[in-house]
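Below are the chains, spelled out letter by letter.
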Amino acid sequence: MRRLTILSGGAAQGLVTALTSRFTAETGAEIEATYGAVGAMRAKLIGGTPVDLLILTATLIEELTRSGHVRAGSGHRIGSVETAIAVRSGALPVAIGNRAELSAALSAADAIYFPDPELATAGIHFTKVLDALGMREALAGRLKTFPNGNAAMQAMAAAGGQPIGCTQATEIIATPGVALVGPLPGEFRLATVYTCGVTACAREPELAAHMAALLTAPEDAENRCSRFGFDLRCS
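Let us look at the structure shown here. Everything numeric in this text was worked out from a predicted model, so none of it was measured. (Residues numbered from 1 in each chain as written. Predicted model: local features only at pLDDT ≥ 70, side-chain atom pairs only at ≥ 80, totals over all residues. Heavy atoms only, no water.)

Another aspect to go through is the packing of helix H1 (residues 13–27) against helix H9 (residues 205–215). Running from amino to carboxyl end, H1 crosses H9 at an angle of 125°, the nearest separation of the two axes being 10 Å. One element, H1, and the other, H9, form an angle in the oblique class. Relative to H9, H1 is oriented so that their crossing is right-handed. Facing Leu15, Val16, Leu19, Arg22, Phe23, Glu26 and Thr27 of H1, the residues of H9 in contact are Leu207, His210, Met211, Leu214 and Leu215. Tallied by class, residues from the contact of H1 with H9 come to 8 nonpolar, 2 polar and 2 charged. (Axes fitted to C-alpha atoms, helices over the stretch in contact; angles between N-to-C directions. Helix = DSSP H or I, 4+ residues; strand = E, 2+ residues; numbered from the N terminus. Parallel < 35°, antiparallel > 145°, perpendicular 65-115°, else oblique. Left-handed = near helix turned anticlockwise from the far one by under 90°. Contact = heavy atoms within 4.5 Å. Nonpolar A, V, L, I, M, F, W, Y, C, P; charged D, E, K, R; others polar.)

In structure tokens:
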């Protein structure tokens with residue numbers, strides 16, 4: 001059986017998983033996908049990992065196109081994703097509407113879950129938020145980091161107590177046991193555009209193009225927004 005290999009930021013995991021059966025039915029091929037922090041996925045590509053399709057931030061796809069790692073003209077925007085706050089399903093409501101409320105919510109949590117602070121888009125940003133709030137040192141003992149947002153949310157779902165988390169909204173929506181509170185407030189808000197692109201070294205460029213078409217199909221735009229958390233207004 002033919003195989004499409006994908007390297008993807010965790011933000012698109014739920015969407016790719018949902019499209020896998022349709023892709024296989026239409027092409028007769030299977031998907032082998034690896035998900036993680038976008039910086040880690042970039043490093044895998046640069047390091048020589050075989051891959052047909054990349055799903056990363058628009059900034060990284062543009063950079064990799066300039067460097068010749070992604071085929072020119074193959075990049076297509078999927079949508080933008082908010083960096084957001086999560087709690088465990090069934091937890092009491094948390095107010096995060098402004099700087100003071102966010103600070104209070106973080107202070108009240110007994111553990112704070114988020115992705116890699118050096119390689120993951122949401123992790124890098126959330127670390128900057130903690131610094132801007134002047135809270136990173138005070139909360140250091142409660143900070144729990146993971147390779148990607150999906151892993152962070154799965155760990156938070158299994159945790160006891162009153163944890164709080166921060167990662168891409170799509171990763172929160174896709175994880176059972178956690179609930180989306182909302183995007184980071186005002187000055188801390190971050191919406192990241194995700195793009196798919198066919199690699200220059202693709203062994204299955206036709207399959208990659210087919211999956212890219214499914215990921216960005218105009219007729220499925222509302223579904224990507226309502227079910228998976230992608231904002232299509234950027235597309």
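Taken as a whole, this structure holds 2 aromatic pairs when the rule is applied. Look at tyrosine 113 and phenylalanine 146: their rings are 5.8 Å apart centre to centre, the planes differ by 15°, and that puts the pair in the stacked class. Residue tyrosine 113 is located in strand E5 (residues 111–115), and its partner phenylalanine 146 is located in strand E6 (residues 143–146); the two are separated by 33 residues in the primary sequence. A centroid spacing of 5.0 Å and a plane angle of 65° characterise the contact between phenylalanine 114 and phenylalanine 126, whose relative ring orientation is edge-to-face. Taken together, the residues phenylalanine 114 in strand E5 and phenylalanine 126 in helix H5 (residues 121–133) connect sequence positions 12 residues apart. A relative accessible area of 2% means that phenylalanine 114 is categorised as buried. (Phe/Tyr/Trp six-rings, centres within 6.5 Å; stacked < 30°, edge-to-face > 60°. Buried < 20%, exposed > 50% of the residue type's maximum accessible area, 1.4 Å probe, protein only.)

Applying the stated criterion across every chain yields a total of 9 salt bridges. Where aspartate 220 meets arginine 22, a salt bridge forms, and the shortest distance between an N and an O atom there is 3.2 Å. In this pair, aspartate 220 is assigned in the loop between H9 and helix H10 (221–226) and arginine 22 in helix H1, connecting sequence segments 198 residues apart. Accessibility expressed as a relative area gives 34% for arginine 22, which makes it partly exposed. Linked by salt bridges that have partners in common, Arg3, Glu30 and Glu32 make up one network. (Salt bridge = Lys/Arg side-chain N within 4 Å of Asp/Glu carboxyl O.)

Turning to the packing of helix H2 (residues 38–46) against helix H3 (residues 58–66), a few remarks are in order. Where H2 contacts H3, the two axes come as close as 11 Å, and the packing angle between them is 15°. With respect to their mutual orientation, H2 and H3 come out roughly parallel. Like other packed secondary-structure pairs, H2 and H3 cross with a definite hand, here right-handed. Touching Val38, Arg42, Leu45 and Ile46 of H2 are Leu60, Glu63 and Leu64, all from H3.

Turning to the environment of methionine 156, a few remarks are in order. Structurally, methionine 156 is set in helix H7 (residues 149–158). Taking the C-alpha atoms as reference points, methionine 156 and methionine 1, 155 residues apart in sequence, are found 37 Å from one another. What methionine 156 contacts, discounting residues up to four positions off in sequence, is Ala86, Val87, Arg88, Tyr113, Pro163, Ile164, Gly165 and Val178.

This brings us to the side chain of threonine 5. By the element assignment, threonine 5 lies in strand E1 (residues 3–9). For threonine 5, the contacting residues outside a window of four places in its chain are Glu32, Pro50, Val51, Asp52 and Leu53.

With 13 residues, H5 ought to run about 18 Å at 1.5 Å a step, and its terminal C-alpha atoms sit 19 Å apart, in line with that. If you check which residues of H5 are buried, you get Thr121, Ala122, Gly123, His125, Phe126, Thr127, Val129, Leu130 and Leu133. Following H5 by one or two positions, glycine 134 adopts a phi angle in the positive range, close to 70°. (Expected span 1.5 Å × (residues − 1).)

Where a protein is soluble and globular, its nonpolar side chains tend to be buried together. Ranked by size, the top nonpolar core spans 49 residues in total, and within it Leu4, Leu53, Leu54, Met211 and Leu215 carry the most contacts. Counting residues per element, this core draws most heavily on H9, which supplies 6 residues. Formed by 19 residues, the second largest nonpolar core is a distinct cluster that contains Leu102, Ile112, Phe114 and Leu184. (Core = buried A, V, L, I, M, F, W, Y, C linked by side-chain atoms within 4.5 Å.)

Everything listed is a geometric property; what it means functionally is a separate question.
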